[in-house]
Amino acid sequence: MPQAIESTALYDKTLGCLLGGLIGDAMGTPTEGKDYRFIQETFGWVDDFSCDGTDDTVMKNLLCEALTRTGGYATLDDWGAVWLDHWGEIFGSKMAKFFMSVLHTAHKMKRYASPRMAALGNMPSSSSAMCISPVGIVNAGNPRQAALQAYNLASLIHVQDVGFCQDGAASMAAALAAAFVPGATVESVLSAATAYILPLSGAEMLGRIDAALSLAREARDYVAFREEVYDRADRFFCAITCDSRETVPLTLALFLLAEGDVTKAVTYGANLGRDADTIASMCGAIAGAFQGVAGVQPAWIARVNEVSSLNQEDLARRLCEVALAKAKCERQALDVLTALL
């Protein structure tokens, strides 16, 4: 009798990833765009949430739809088609949360531009990196392939002079895929996060990630790290707070400081300030895949079930089925190659 998907480690890590990402997004919502000192004075220590997130979660859901439609092989064309099919998800009640690059891209696709041309002229953001976690899920255990697919999908929003945003998406997808590997460690996940970034074109992103991780290892403590990052704003912050050159390195540094723990990952992100919802969401997604559902507080899971517009267990089940179908397709290609040999 075949094993139920819900009893597998694949499902456990997938659901953990989805929960961690949504919780981080929601927890960082009230602190987004704020200085950590203002957060301390106003909120104290943020460690709970009451909403279902922002554009980060909406975009992730749209990407899940594209991956489901294509058996895990979604391209920028497929993701763009989902945007147009679900126009109301972007231009609905949460439209104000979307960065203008996404809104501009959607309008250009609707009126005159093909998906691979719609990103021209866009400003930098984390609009692809923040929601790319499903690509890591459907490429579980294969960070190289996750990064390659992320590069293609991210080009829907960022190309040419802001191509470093593709590097950010590739880094997050690869880290997520590596978190699924049995016996994964914090260091193996961090290694995968940089292993598949283009070495020449992605040199700036690689340098920024290295600097953030070096500072985290030197500080060893979240509070000290946060203070040092703000004191060296010229090195770690960007003119646009949601620039992936800022959010991705900080996410990986917080994952290191949290030692892969989901609770620490999402609260560290939410209390950091700046693009808090995105940082907490990306860090929570990686930590959720790393620890699985057991790493997520039961009270938070219950809250997600109350506020989420999508059933996360059903979404996890569908993504697992896509991951298995994709793996089967690739196994068939291996069989062909083996026969040829």
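Numbering of residues starts from 1 in each chain and follows the order in which that chain's sequence is written. Where totals are concerned, whole chains, interfaces and linings use all residues; where local detail is concerned, this predicted model gives features only for residues with pLDDT of at least 70, and gives and counts side-chain atom pairs only at 80 or more. Calculation of side-chain values draws on the structure's entire complement of heavy atoms; hydrogens and water are dropped beforehand.

K.L.:
Summarise the packing of aromatic side chains; cite the residues concerned and give the values.
P.N.:
Geometry of aromatic contacts follows a simple scheme: Phe, Tyr and Trp rings, the Trp one being its six-membered ring, pair when their centres are within 6.5 Å, and the pair is stacked under 30 degrees between planes, edge-to-face over 60, tilted otherwise. One pass over the structure, following the stated rule, counts seven aromatic pairs. When the centroid spacing of 4.3 Å and the interplanar angle of 20° are considered together, the rings of Trp-87 and Phe-91 count as stacked. An identical accessibility class is assigned to Trp-87 and Phe-91; each is buried. Measuring from ring centre to ring centre gives 5.8 Å for Phe-255 and Phe-290, while their planes differ by 85°; the resulting arrangement is edge-to-face. Within this pair, whereas Phe-255 is found in helix H14 (residues 244–257), its partner Phe-290 is found in helix H16 (residues 276–291), the two being separated by 35 residues in sequence. Type-normalised accessible area, obtained with a 1.4 Å probe on protein chains alone, sets the label of each residue: buried when under 20%, exposed when over 50%, and partly exposed for intermediate values. The numbering of helices and of strands both runs from the N terminus, where a helix is a DSSP run of H or I of at least 4 residues and a strand a run of E of at least 2.

K.L.:
Explain the packing of helix H8 (residues 143–154) against helix H9 (residues 164–179) residue by residue, including any values.
P.N.:
Every axis corresponds to a line fitted to the C-alpha atoms, with the helix fit spanning only the stretch in contact, and the corresponding angles, defined between N-to-C directions, vary from 0 to 180 degrees. At their nearest, the axes of H8 and H9 sit 7 Å apart, and the two run at 150° to each other. In terms of orientation, H8 and H9 fall into the roughly antiparallel class. Seen along the crossing, H8 lies across H9 with a hand that is right-handed. Across from Pro-143, Ala-146, Ala-147, Ala-150, Tyr-151 and Ala-154 in H8, the residues of H9 making contact are Gln-166, Asp-167, Ala-169, Ala-170, Ala-173, Ala-174, Ala-177 and Ala-178. Any angle that is under 35 degrees is reported as roughly parallel, and any over 145 degrees as roughly antiparallel; angles of 65 to 115 degrees are reported as roughly perpendicular and all others as oblique. Handedness of a crossing follows from how the near helix is turned relative to the far one, being left-handed for an anticlockwise turn of less than a right angle and right-handed for a clockwise one. Contacts: residue pairs with any heavy atoms within 4.5 Å of one another.

K.L.:
Before we move on, can you summarise the environment of Thr-194 with the specific residues and values?
P.N.:
Note on placement: Thr-194 falls in helix H10 (residues 186–195). Discounting residues that sit within four places of it in the chain, Thr-194 has contacts with Leu-206 and Ile-209.

K.L.:
Describe in detail the packing of helix H3 (residues 55–69) against helix H18 (residues 312–340), supporting the description with residues and values.
P.N.:
The geometry of H3 relative to H18 is characterised by a closest axis approach of 10 Å and an angle of 40° between their N-to-C directions. Between H3 and H18, the angle is such that the two are oblique. The two elements H3 and H18 cross, and the hand of that crossing is left-handed. Residues Asn-61, Cys-64, Leu-67 and Thr-68 of H3 form the contact with H18, whose own contacting residues are Leu-315, Arg-318, Leu-319 and Val-322. Three residue categories are used. Nonpolar comprises Ala, Val, Leu, Ile, Met, Phe, Trp, Tyr, Cys and Pro, charged comprises Asp, Glu, Lys and Arg, and polar comprises the others, including Gly. A breakdown of the residues in the contact of H3 with H18 according to their chemical character gives five nonpolar, two polar and one charged.

K.L.:
Help me get a handle on the pattern of salt bridges, residues and values and all.
P.N.:
Side chains that differ in charge, positive against negative, can pair when their charged atoms come close. A pair is scored as a salt bridge if a Lys or Arg side-chain nitrogen falls within 4 Å of a carboxyl oxygen belonging to Asp or Glu. As enumerated under the stated definition, the model contains 16 salt bridges in all. Across the pair Arg-69 and Asp-85 runs a salt bridge whose closest N-O atoms are separated by 2.9 Å. Residue Arg-69 is located in helix H3, and its partner Asp-85 is located in helix H4 (residues 76–85); the two are separated by 16 residues in the primary sequence. The partly exposed category is assigned to Arg-69, whose relative accessible area is 43%.

K.L.:
Would you mind going over H8 in detail, with residue names and values included?
P.N.:
The span you would expect from a helix comes to 1.5 Å times its residue count less one. Here H8 is 12 residues long and its end C-alpha atoms lie 16 Å apart, about the 16 Å a rise of 1.5 Å per residue gives. Turning to H8, its buried residues are Pro-143, Ala-146, Ala-147, Gln-149, Ala-150, Tyr-151, Leu-153 and Ala-154. Next to the buried residues of H8 lie H3, H4, helix H7 (133–138), H9, H10 and H18.

These values are about where atoms sit, not about what they do.
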